[in-house]
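# Structure assessment
As a plain string of letters, each chain reads:
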Amino acid sequence: MDVLGIDIGGSGIKGAPVDTGAGKLTEERLRIPTPRPSKPGEVADVVASIVKHFGWSGPVGITFPGVVVDGVVLTAANVDHSWEGVDAAVLFGGATVLNDADAAGMAEMTFGQGRGRQGTVLVLTFGTGIGSALFTDGRLVRNTEFGHLQVRGKDAEHRASAKVREDLDLSWKAWAGRVEEYLRYVEMLFTPSLIVIGGGVSKKAGKFLPHITLDTPVVPADLRNEAGIIGAACAAAPLRS
Ligand code: BGC
């Protein structure tokens, strides 16, 4: 069935209707810059305008860039801190709300690189922050926050997110060095059988993956930056009986 998927990020809010059986967008996505400050009311207005743009009255799935438990936001590292404690599911009129990387990871496990993969698979999204989705034999361990692992005394996402590359104007090679250092740490901790790189940078994998050497295979997400929208929609799709 078709479900509207909306992906809230630190820099943009993107939405599109999704065929949840095929894992594909059915219309061109709409992207609106994340309001500044990114407070709940302002973000809810953007979400409402995306719903209106598509004339949507069916189910809606929404990702959020922080820990979300039962629709309630617990952390907000890259959006306004006033989100903490907000019942986002209520704010968004009963939508299904989940962590952005978890959504992207589930889409990638269902329709992309992780399809049919057993063992430990780690999907890491590089954008404003670093998001993580950990799978063991295809099952998601929700709300892992591996972007906040410490590397050289700092949150990994403050050294190696895609935003850091842009802010510091790092070459792809220099940035890849930071990403590799982080991935080596993650590899040591979890011994994954596959690492999938998602987020906006996955479109540019050719520029940085050749500079990364790891024992674990590292591949770009098949669904590129649409994984969040697709995963959000799938999370909100009623279960087939
Ligand atoms: C947040 C995560 C989120 C990631 C990517 C991190 O700062 O803590 O929850 O998945 O950014 O948006």
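In the nomenclature of an unreviewed UniProt entry, the protein chain corresponds to ROK family protein from the organism Nonomuraea longispora. One UniProt comment on the protein chain, placed under Sequence similarities (unreviewed entry), says "Belongs to the ROK (NagC/XylR) family."

Each helix and strand counted, the protein chain has eight helices and 15 strands in total. Taken against the 2.2 N^0.38 rule, which gives 18 Å for 241 residues, the C-alpha radius of gyration of the protein chain at 17 Å falls within 12% of a compact globule. Dimensions of the protein chain, computed from C-alpha atoms along their principal axes, come out at roughly 45 × 40 × 30 Å. A buried classification covers 54% of the 241 residues belonging to the protein chain. Nonlocal contacts in the protein chain, meaning residues at least 24 apart in sequence, comprise 61% of its contacts between residues at least 6 apart. Per element, the accessible surface of the protein chain, about 10700 Å² overall, is 50% carbon and sulfur.

The next thing to look at is helix H1 (residues 40-53). Compared with an ideal rise of 1.5 Å per residue, which puts 14 residues at 20 Å, H1 spans 20 Å between its outermost C-alpha atoms and is within 8% of the ideal. Those residues of H1 lying buried are Pro40, Val43, Ala44, Val46, Val47 and Ile50. Down the axis, H1 shows its buried residues gathered within 160° of arc, on one side only. Along H1, the residues that are exposed and aim more than 90 degrees away from the buried face are Asp45 and Lys52.

With that settled, consider the nonpolar core. In terms of nonpolar packing, the biggest core is built from 29 residues, with Phe126, Tyr182, Leu183, Ile197 and Phe208 touching the most fellow members. Among the elements that line this core, the one with the most residues is helix H6 (residues 172-190), at seven residues. Those residues in contact with tyrosine 182 that lie beyond four places of it in its chain are Leu124, Phe126, Ile130, Phe146, Gly147, Leu149, Val151 and Ala156. In terms of nonpolar packing, the next biggest core, distinct from the first, is built from 25 residues, Ile6, Ile50, Val86 and Ala88 among them.

Before going further, it helps to spend a moment on the site of the ligand. Taken together, Pro65, Gly66, Val67, Ala77, Asn78, Asn99, Asp100, Ile130, Gly131, Glu145, His148 and Glu157 make up the full set of residues near the ligand. In the model, an oxygen atom of the ligand is placed 2.5 Å from a nitrogen or oxygen of the aspartate 100 side chain. Against a free-state accessible area of 310 Å², the protein chains account for coverage of 94% of the ligand. Taking a 2 Å distance to the grid points as the criterion, the majority of the atoms of the ligand fall inside the largest pocket. Residues belonging to the shell around the ligand are distributed by class as follows: four nonpolar, five polar and three charged.

Turning our attention to the packing of aromatic side chains. Summed over all chains, the structure comprises eight aromatic pairs. For the ring pair tryptophan 83 and phenylalanine 92, a centre distance of 6.1 Å and an interplane angle of 45° mean the geometry is tilted. Look at tryptophan 83 and you get buried, because its relative accessible area is 0%. Residue phenylalanine 92 is classed as buried on the basis of its relative accessible area of 11%. Both rings, one in tryptophan 175 and one in phenylalanine 208, keep their centres 5.0 Å apart while their planes meet at 75°; by these two values the pair is edge-to-face.

A complete count under the given rule lists six salt bridges for this structure. Across the pair arginine 184 and glutamate 180 runs a salt bridge, and its minimum N-O distance is 3.2 Å. With a gap of four residues between them, arginine 184 and glutamate 180 both fall in helix H6, about one helical turn apart. Relative accessible area serves as the criterion here: at 38%, arginine 184 is assigned to the partly exposed category. Since its relative accessible area comes to 17%, glutamate 180 is described here as buried. Through salt bridges with shared partners, a single network forms among Arg152, Arg159 and Glu181.

So, how was this worked out
- Residues numbered from 1 in each chain as written.
- Predicted model: local features only at pLDDT ≥ 70, side-chain atom pairs only at ≥ 80, totals over all residues.
- Heavy atoms only, no water.
- UniProt positions renumbered as here; feature names shortened; annotations may be inferred.
- Helix = DSSP H or I, 4+ residues; strand = E, 2+ residues; numbered from the N terminus.
- Rg over C-alpha atoms; globule rule 2.2 N^0.38 Å.
- Buried < 20%, exposed > 50% of the residue type's maximum accessible area, 1.4 Å probe, protein only.
- Contact = heavy atoms within 4.5 Å.
- Areas by Shrake-Rupley, 256 points an atom, 1.4 Å probe, with all protein chains shown as cover.
- Expected span 1.5 Å × (residues − 1).
- Arc of directions from axis to C-beta.
- Core = buried A, V, L, I, M, F, W, Y, C linked by side-chain atoms within 4.5 Å.
- Near = heavy atom within 4 Å.
- Polar contact = N/O pair within 3.5 Å; in protein donor to acceptor, adjacent residues only side chain to side chain.
- 1 Å grid on protein atoms, 1.4 Å probe; cavity = no way out; pocket = protein on both sides within 12 Å on 5 of 7 lines; lining within 4 Å.
- Sits in = over half its atoms within 2 Å of the grid points.
- Nonpolar A, V, L, I, M, F, W, Y, C, P; charged D, E, K, R; others polar.
- Phe/Tyr/Trp six-rings, centres within 6.5 Å; stacked < 30°, edge-to-face > 60°.
- Salt bridge = Lys/Arg side-chain N within 4 Å of Asp/Glu carboxyl O.

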